[in-house]
Amino acid sequence: AQPIGVCYGQIGDNLPPEQEVVNLFRTNGIGKMRIYGPNPAILEALRGSNIELILDVTNDKLQALSDAATANDWARQNVLNYPDPNDGRAHYVAPAMQNIHNAIVSANLQDQIKISTSIDMSLLGNAYPPSAGSFSDSASSYMASVISFLANNGAPLFANVYPYFSYIDKTQSISLDYALLRSPGVVVQDGEYGYQNLFDAILDALYSAPEKSGGSNVKVVVSESGWPSEGHAAPTIDNAATYYQNLINHVNSGTPKRPGQAIQTYLFATFDENKKGPEETKRHFGLFHPDKQPKNQMRFN
């Protein structure tokens, strides 16, 4: 199956109707979509499209879904959005996942629908070198039960991987070429593994963390990755195009830690979202303009 999908956010007041967006995915050969909540108009537009879907549960629903009856009512197709480990709702994640999974099993859909949760790099206490990746003390208490659930049910861990944010935080020590997946040779050597790009280094740190929590068989799906086209020096149309196309070309190769294993990756995002913020940069991650014209010609497979 094609490893590339695209995230579809709707924080804008100038975006096209949902059916036109689904048609845009099909026209461009994009076979996977992530949405950030159960929007009936999107779900109806997806009917019969054969587009695979990641459907988030928002954090404010976690406590309710820790009740089995509520989870059973909610669950048809589900995936949990990432909680902050310092958020008081974090301990509801594992029971909510289990209850939704039970509802899926009762409908005999467990082979078609997998339940997971999405995290970002803030949950790692250590991410460098990649082999030392581990969850922070504040996250490990609830991530242990999450990783156990994923390992027992053959489900992946979803992770938001943004070399862009790592780069702008450390421009003195991280080169733009390393962040844009265009370094000509190895930049970071970690034991037997050599890294030519920051995406692989981040992802392998995310592989290392579950291994230390008993999840050596847990795969990672990149639930978001992107590069903005406006904002300041690094966000440009050319840099965004370079990042997205290089990432699309790379994901079938795997990482140094998991070579040859295609990386299922969701590009963020379909459109620029003019109500997102507060930072101007966050409004310019789109692959397409709101009129559905591509910012750059891109091959998705």
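Residues numbered from 1 in each chain as written. Predicted model: local features only at pLDDT ≥ 70, side-chain atom pairs only at ≥ 80, totals over all residues. Heavy atoms only, no water.

Caption draft 1: How the structure looks around the pattern of salt bridges. Inspection of every chain in the model, using the stated rule, returns 13 salt bridges. Across the salt bridge formed by K32 and E52, the nearest N and O atoms sit 2.9 Å from each other. Taken together, the positions of K32 in strand 2 (residues 32-35) and E52 in strand 3 (residues 52-57) put the pair 20 residues apart, joining distant regions of the chain. Put simply, D272 and K295 hold a salt bridge, and the shortest N to O gap is 2.7 Å. Of this pair, D272 sits in the segment after strand 12 (265-267) while K295 sits in the segment after strand 12, and the two are 23 residues apart along the sequence. The exposure classification of D272 matches that of K295, with both residues buried. Where salt bridges share partners, they join R34, D56 and E224 into one cluster. (Salt bridge = Lys/Arg side-chain N within 4 Å of Asp/Glu carboxyl O. Helix = DSSP H or I, 4+ residues; strand = E, 2+ residues; numbered from the N terminus. Buried < 20%, exposed > 50% of the residue type's maximum accessible area, 1.4 Å probe, protein only.)

Caption draft 2: Helix 9 (residues 198-211), seen in detail. In this model helix 9 runs 20 Å from its N-terminal to its C-terminal C-alpha over 14 residues, within 8% of the 20 Å that 1.5 Å per residue would give. Capping the start of helix 9, N197 holds a side-chain oxygen 3.2 Å from the backbone nitrogen of F199, two or three residues further along. (Expected span 1.5 Å × (residues − 1). Polar contact = N/O pair within 3.5 Å; in protein donor to acceptor, adjacent residues only side chain to side chain.)

Caption draft 3: Layout of the pairing of strand 2. Every second residue of strand 2 is oriented toward a common face, with K32 and R34 on one face and M33 and I35 on the other, all of them buried. Both strand 1 (residues 4-7) and strand 2 contribute to a ladder of two bridges, which runs parallel. What sits directly across from V6, in strand 2, is M33. One crossover worth recording links strand 1 to the parallel strand 2 by way of helix 1 (residues 18-27), and it is right-handed. Of the strand pairs in this sheet, strand 2 and strand 3 are connected by four bridges, and their pairing is parallel. Considered in strand 3, the bridge of K32 is made with E52. Of the crossover connections in this fold, the one passing from strand 2 over helix 2 (residues 40-46) to the parallel strand 3 is right-handed. (Pairing = 2+ DSSP bridges. Right-handed = clockwise from strand over helix to strand, strands pointing away.)

Taken by themselves, the reported measurements are silent on function.
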